[in-house]
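# Report on the structure
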Amino acid sequence: MRDFRRSGPSILMRLTDYEATLLESLVEQLAGLLEGEGEQPAEDDSFARWQAELSGSDLLDQSDPVIGRLFPDAYAGDAHASEEFRRLTQARQRGDRLGQAEVVLSALRDSDAGKHPVQVRVIELDTWLKTLTALRLSLAVRLGIETPADADELDSLPEDDPRSYIYRVYEWIAYLSENLLGLR
């Protein structure tokens, strides 16, 4: 990571080739998880979207703890109400998250693997922050971070522990978010 700076309506973020490739890969993996197994109706086909939402046929696998974290129950203690809420809202939420991921991927791809600064349009900053937050939530679930003590434990792991690397990525994404917020 080299620097962040504001340039008119954009924030220019200099990433190394490794960082740009890593972030692109993480966002692609998030998008893949959100796409799930089912076929998504075309965004411009309102009837197909409505039909899929009402049938509940395109719901994500709630047994995956990452999906559970990204789309938590709306009504604690009422599984039926939560499932009904999910059936009516998840397609839209999922579509929004996929669209946000695509905005981030587009900017990362335009940087040509870090050869050029990543241009984050200020008007799309919330989109970037939502995607980075979804990545951090996903990594936190996979790492088992539920409390500050869990994070402290991971921070003290030896470098040869594979979780140590993933935790460093988790922290690096926080660094990206903080720097982008600082230039808002």
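This text gives an overview of the structure that appears in the document. (Residues numbered from 1 in each chain as written. Predicted model: local features only at pLDDT ≥ 70, side-chain atom pairs only at ≥ 80, totals over all residues. Heavy atoms only, no water.)

### Some words on the packing of helix α5 (residues 125-143) against helix α7 (residues 162-182)
- Taken N-terminus to C-terminus, the directions of α5 and α7 make an angle of 160°; their axes are 10 Å apart at the nearest point. Compared by their axis directions, α5 and α7 come out roughly antiparallel. Judged by the sense of rotation from one axis to the other, the crossing of α5 with α7 is left-handed. Contacts between α5 and α7 involve Leu125, Trp128, Leu129, Leu132, Leu135, Arg136, Leu139, Ala140 and Leu143 from the first element and Arg163, Ile166, Tyr167, Val169, Tyr170, Glu171, Ile173, Ala174, Leu176, Ser177, Leu180 and Leu181 from the second.
- Residue composition of the contact of α5 with α7, grouped by class: 17 nonpolar, one polar and three charged. (Axes fitted to C-alpha atoms, helices over the stretch in contact; angles between N-to-C directions. Helix = DSSP H or I, 4+ residues; strand = E, 2+ residues; numbered from the N terminus. Parallel < 35°, antiparallel > 145°, perpendicular 65-115°, else oblique. Left-handed = near helix turned anticlockwise from the far one by under 90°. Contact = heavy atoms within 4.5 Å. Nonpolar A, V, L, I, M, F, W, Y, C, P; charged D, E, K, R; others polar.)

### Section: the layout of surface pockets
- Its volume calculated, the largest pocket comes out at about 290 Å³.
- Together, 13 residues line the largest pocket, and Leu26, Gln29, Ser138, Leu139 and Arg142 are the ones closest to its centre.
- Elements with a minimum of two residues in the lining of the largest pocket: α1 (17-35), α5 and α7.
- Of the residues forming the lining of the largest pocket, the biggest block, five residues, is contributed by α1. (1 Å grid on protein atoms, 1.4 Å probe; cavity = no way out; pocket = protein on both sides within 12 Å on 5 of 7 lines; lining within 4 Å. Points joined across faces, edges and corners; volume = space filled by probe spheres on them.)

### Brief notes about the side chain of glutamine 100
- If you trace the backbone, glutamine 100 turns up in helix α4 (residues 79-110).
- Using a relative accessible area of 15% as the deciding quantity, one classes glutamine 100 as buried.
- With sequence-adjacent residues up to four places away left out, glutamine 100 is seen in contact with Thr127, Lys130 and Thr131. (Buried < 20%, exposed > 50% of the residue type's maximum accessible area, 1.4 Å probe, protein only.)

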